[in-house]
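Structure at a glance
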Amino acid sequence: MTLATSAAVDAASGKQPQLVIDNVFKQFGEGPGSVVAIDHMSFNVMPGEFVSVIGPSGCGKSTLFNIIGGLLDEYSGDVLIERERIAGPHKAVGMVFQEESTFPWRNVIDNVAFPLELLGVNKSERLDRAHHFIDLVGLKGFEKLMPSALSGGMRQRVSIARTLVSKPQILLMDEPFAALDEQTRLLLGDKITQIQQDLNQTTLLITHNLTEAVQLSDRIVVMTYRPGKVKRIVDIKLPRPRTSDVVSSDAFGHYVAEIWADLREEATRGMADSESAQRGGSRG
Amino acid sequence: MASPSLAQHRAIPIILGASTVIGVFVVLEVLLRIGVVNKYVVPLPSQVLLALERIIVEENIFGRMRETAYEMVVSCVMVIILGVPIGSLLYRWRSLRQAVLDWVAAMAAAPLVLAFPLFLVMFGRSPTTVIVMSVITGLAPIIIKTTEGLLGVRPVLINVGRSLKLTDWQMFHMILLPAALPTIFSGIRLSWTFVLISVVGIEFLINLGGLGQLINDLSERYDLPGTYGAIGFVILVSVAFFMILERVETWLRPAK
Amino acid sequence: MAATGQVKNPTATMGWARTGRSSMRSTNMIRAGIFFGMAICWEALSRSGLLFRDVVPSLFSIWASIWKLVSSPVFYANLQVTAWEIFASLAIGSGLGIAVGIILGANRFLGAAYEPYVYYLAPTPRIIFFPVMIMWFGVGVASKIALGALSCFFTVALSTAGGMREVDKVLIRVGRSFRATPWQMATKIYLPAMRAPVLNGIRLGFGTATVTCLLAETKLSNQGLGYMIMQIYARFDMPSLYGLLIIVFIIAGVGNLILGKVTGTSA
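Thresholds applied
Residues numbered from 1 in each chain as written. Chains lettered and ligands numbered in written order. Predicted model: local features only at pLDDT ≥ 70, side-chain atom pairs only at ≥ 80, totals over all residues. Helix = DSSP H or I, 4+ residues; strand = E, 2+ residues; numbered from the N terminus. Rg over C-alpha atoms; globule rule 2.2 N^0.38 Å. Buried ≥ 20, exposed ≤ 12 C-beta atoms within 10 Å, placed from the backbone. Contact = placed C-beta atoms within 7 Å. Pairing = 2+ DSSP bridges. Axes fitted to C-alpha atoms, helices over the stretch in contact; angles between N-to-C directions. Nonpolar A, V, L, I, M, F, W, Y, C, P; charged D, E, K, R; others polar. pLDDT = per-residue confidence, 0-100. Parallel < 35°, antiparallel > 145°, perpendicular 65-115°, else oblique. Left-handed = near helix turned anticlockwise from the far one by under 90°. Expected span 1.5 Å × (residues − 1). Bend = angle between axes of the 7 residues up to and from the residue. Right-handed = clockwise from strand over helix to strand, strands pointing away.

Turning next to the overall build of chain A. Scanning chain A from N- to C-terminus turns up nine helices and 10 strands. Rg of the C-alpha trace for chain A: 19 Å, near the compact-globule value of 19 Å for 284 residues, within the 12% margin. Counting only C-alpha atoms and orienting by the principal axes, one finds that chain A spans roughly 55 × 45 × 40 Å. By residue count, 41% of the 284 residues in chain A fall in the buried class. Of the contacts made within chain A by residues no fewer than 6 positions apart, 72% connect residues no fewer than 24 positions apart.

What follows is the structure, encoded as structure tokens:
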């Protein structure tokens, strides 16, 4: 499905997109040494939708994440949330980072309640809401533990709970499961799907993991290798509600194969690039 | 391997060390009694132990400890009140940091305590001199470690703060400072160690205050067992202080 | 970090290397600005009469006194005495320190038994041992050398022991696999591997010995720079007091720098 058709479908359904990426362009540096990370990307995310952006390493995905999250200010084009151009981190966006981001000096429940602390919510309500989301991510009983006592997967769940507790309208995640093993990833994927369905949470997931993207998403935006452009947008018409069992279905396999065909071309270009950089040896 | 024997294994060196120390004192006692070592230069260890009791009773040891403790507490608090903010400023302003940090490092290595006669002139023979001198000696490590700790905060934690739109002050006291605390405390440990050495040392040099002065007094009275006893006592106190600081630093470390 | 240890050079670990040339220039300008700003405040304070007498003497009088000191034979006589004390302290303290450090570092058992004593006795106010040293060695330079040696012994011993333990176990096994004799092991493997930590320990020991000898001189002495400081203090000759202190700090700093260059270690 092309970009044009996708937009037409959105228009036809009459719903307004919650998040609009409009012609975003980002270049690092100037002149001969400059690198174009994102080359005029455009796509939408509708309310309640789960969209993944997938691309090979080095394609500019993290740059896109930082721009949408408002952490990167200098770019051309627009990022619109509820038709408002963003300026800095938008309060409707909750970000989950790739790296370990729990506060090591706070226990689980104090970590999760942190955004509510900032909003001035009173203590008992803070703890109530924090408990709710700790349960939601399956960490009931671990509230008083310090992050150092938890596994990597559990800590990532704490980060997710912490982001969800402030009920962001848009959940923005950058390869949150990258550091986890496959089984943990599949099970956490289940959790995320379940949460997203329960809360009807609009989600934008940046990932390099193909099976993860197909498992979790309603639509997948395939990025080219640097400079990053939208290569294709694929509708994932797998049934909802979904579980990790879906990975064994035929339809799943078809989607993966279809997207891999696109992705492989870009990944190959990426590999060739890094190989020649290594062979080239000395600094440019 | 059964655990009792493993524990035995680890205890043996400790026992060896302790018994060597005791053994040395016993040998010394013997050598002194038979006249091989001059009794007017080295007192009998047994007499030193007796002197300790005498000192505690007669020399108002607790009053003296209070004096020294007062100077210590004021210096230790001042050194944090001054050092952490200065270190934070250097973290904040890169140009200032690049200009000044080398100077601070030089200060950390310099024999600053030699300047005590200057402060004697300014403040007279008073606890203020001891405190000012000790604060100057202990300032540099805290400044350096505060800056280092703040610079070492993982970028993702800062990004979490930015994504939650924290104000500068919120970012500083809710994320930066707690994240940097283990490093800052190792600076505090180093600094407070210097402060202790400086406080007792200056007390000794200018003959004022608490424990340092005690040693001075006793040595001027040619009270040999007393002098040795007092020196031993002060050394034990400072070793205990250092051990406590170490314990606290290790306790802070696991917050990784 | 050693108990009496130094704080590692912060600029080295904080990406100073990325400084470009224009940034270097602005750094130097800031430094010059701070330096001159402080100098002007000092001079203003000195002339204002706000502070008691000569507590903040004019920079010019300090400068004049520095010249006077540096051109007086008395200064050099005292400098010689102090220098000799420091040198002797360092030699004795390092010698003993290296020997003990090697033993404690090489033998795990002995290290476990005795090194804690060295480690925990290091960060103590060792100047309070001075009365004992006086009783043992008299009031002359010997007592100061003894105290200085005691001070830098700890620093060198701990650096050496640490260095011994750090010697790459692999290198030791390589030596053994070639059936090297103990002498060969010592000279061809341990010595080169130990060079850096031992020399660094000696450089740190120099700092400790310097402070200790000078402080001891201020307490009880009739020679040396420390003695000179107290004489000037007794005369209430403030410009000279500042002057001599500045000279002593410069000498100590330069000594540290030279030792750093010579031994290949840095602050």
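Next comes the rest of the write-up.
Next up on the list: the overall build of chain B. Along the backbone of chain B there are 10 helices and zero strands. When the helices and strands of chain B are read in sequence order from the N terminus, they spell out α-α-α-α-α-α-α-α-α-α. The C-alpha radius of gyration of chain B comes to 23 Å, more than 25% above the 18 Å expected for a compact globule of 256 residues. Reported as C-alpha extents along the three principal axes, the dimensions of chain B are approximately 75 × 65 × 30 Å. Going through the 256 residues of chain B one by one, you find that 45% of them count as buried. Taking as baseline every contact in chain B between residues at least 6 positions apart, the subset at least 24 positions apart corresponds to 74%.

On to the sheet that holds strand 2 (residues 35–45) of chain A. Residues and elements named next belong to chain A. Spatial ordering of the open sheet is given by 2-1-4-5, a layout of four strands whose pairing is antiparallel. Two strands close off the open sheet at either side, each with one partner strand: strand 2 and strand 5 (84–85). Where strand 4 (residues 76–81) lies against strand 5, two bridges are found, and the strand directions are antiparallel. Along strand 5, the bridge assignment pairs L80 with R85. In the packing of helix 2 (residues 61–68) onto the sheet, contacts are made with strand 1 (19–28), strand 2 and strand 4, and the angle to strand 1 comes to roughly 120°.

Taken residue by residue, the interface counts 51 residues in chain B and 54 residues in chain C. Counting residues per element, the ones that place at least two in the side of chain B that touches chain C are helix 1 (3–33), helix 4 (94–109), helix 5 (116–123), helix 6 (127–151), helix 8 (168–206), helix 9 (211–220) and helix 10 (224–252) of chain B. For the side of chain B that touches chain C, the leading source of residues is helix 4 of chain B, giving 10 residues. Classifying every residue of the side of chain B that touches chain C by side-chain character gives 37 nonpolar, 11 polar and three charged.

Residues and elements named next belong to chain A. Within the open sheet, the six strands sit side by side as 6-7-8-3-9-10. Their pairing is mixed. The strands lining the two open edges of the sheet, one partner per strand, are strand 6 (93–96) and strand 10 (230–235). Neighbouring strand axes in the sheet, compared pairwise and without regard to direction, differ in orientation by 15° on average. In the sheet, strand 7 (residues 170–174) pairs with strand 8 (residues 202–207) via five bridges, with the strands oriented parallel.

So, about unusual backbone geometry. For the bond from R226 of chain A to P227 of chain A, the omega torsion is -5°, close enough to zero to count as cis. Note that the residue after R240 of chain A, namely P241 of chain A, is joined by a cis bond; omega there is -5°. Among the structural elements, P241 of chain A can be located in the loop between strand 10 and helix 9 (250–280). Located in the positive-phi region is N207 of chain B, a residue other than glycine, with phi close to 55°. On the secondary structure map, N207 of chain B appears in the loop between helix 8 and helix 9. Looking at N207 of chain B, the number of C-beta atoms within 10 Å reads 15, which means it is partly exposed. Positive phi, normally seen in glycine, also occurs at Y222 of chain B, with a value near 55°. Its place among the elements puts Y222 of chain B in the loop between helix 9 and helix 10. Here Y222 of chain B falls in the exposed class, since 11 other C-beta atoms lie within 10 Å of it.

The next point concerns the confidence of the model for chain A. In the predicted model, chain A carries a mean pLDDT of 86, and 93% of its residues have values of at least 70. Model confidence for chain A, summarised as mean pLDDT per element, is weakest for helix 1 (residues 3–13) of chain A at 49 and strongest for helix 3 (residues 108–112) of chain A at 95.

Turning next to the packing of helix 9 (residues 182–219) of chain C against helix 10 (residues 224–234) of chain C. Residue and element names in this part refer to chain C. Packing of helix 9 against helix 10 leaves a shortest axis separation of 7 Å and a crossing angle of 45°. When the axis of helix 9 is compared with that of helix 10, the two are oblique. Crossing geometry of helix 9 relative to helix 10 is assigned as right-handed. Facing L214, L215, A216, E217 and T218 of helix 9, the residues of helix 10 in contact are G224, L225, G226, Y227, I229 and M230. Residues of the contact of helix 9 with helix 10, tallied by class, amount to seven nonpolar, three polar and one charged.

Residue and element names in this part refer to chain B. Contact pair helix 6 / helix 8: the axes reach a minimum separation of 7 Å and the direction vectors enclose 160°. Comparing their axes, helix 8 and helix 6 come out roughly antiparallel. Judged by the twist between their axes, the crossing of helix 6 over helix 8 is right-handed. For the contact of helix 6 with helix 8, the residue count by class is 17 nonpolar, 11 polar and three charged.

As a further point, take helix 9 of chain C. In an α-helix, one full turn covers 3.6 residues, which means residues spaced three or four apart are oriented alike. Under the 1.5 Å per step criterion, the end-to-end length of helix 9 of chain C is only 47 Å for 38 residues, more than 12% shorter than the ideal 56 Å. At R195 of chain C, helix 9 of chain C shows its largest kink, close to 50°, and the proline P197 of chain C lies no more than four residues downstream.

So, on to the pairing of strand 7 of chain A. All names here are of chain A. Extensive coverage of strand 7 is indicated by the burial of five of its five residues. Burial along strand 7 is two-sided: the face carrying I170, L172 and D174 and the face carrying L171 and M173 are both buried. Read as a crossover between parallel neighbours, the route from strand 7 over helix 7 (residues 182–199) to strand 8 is right-handed.

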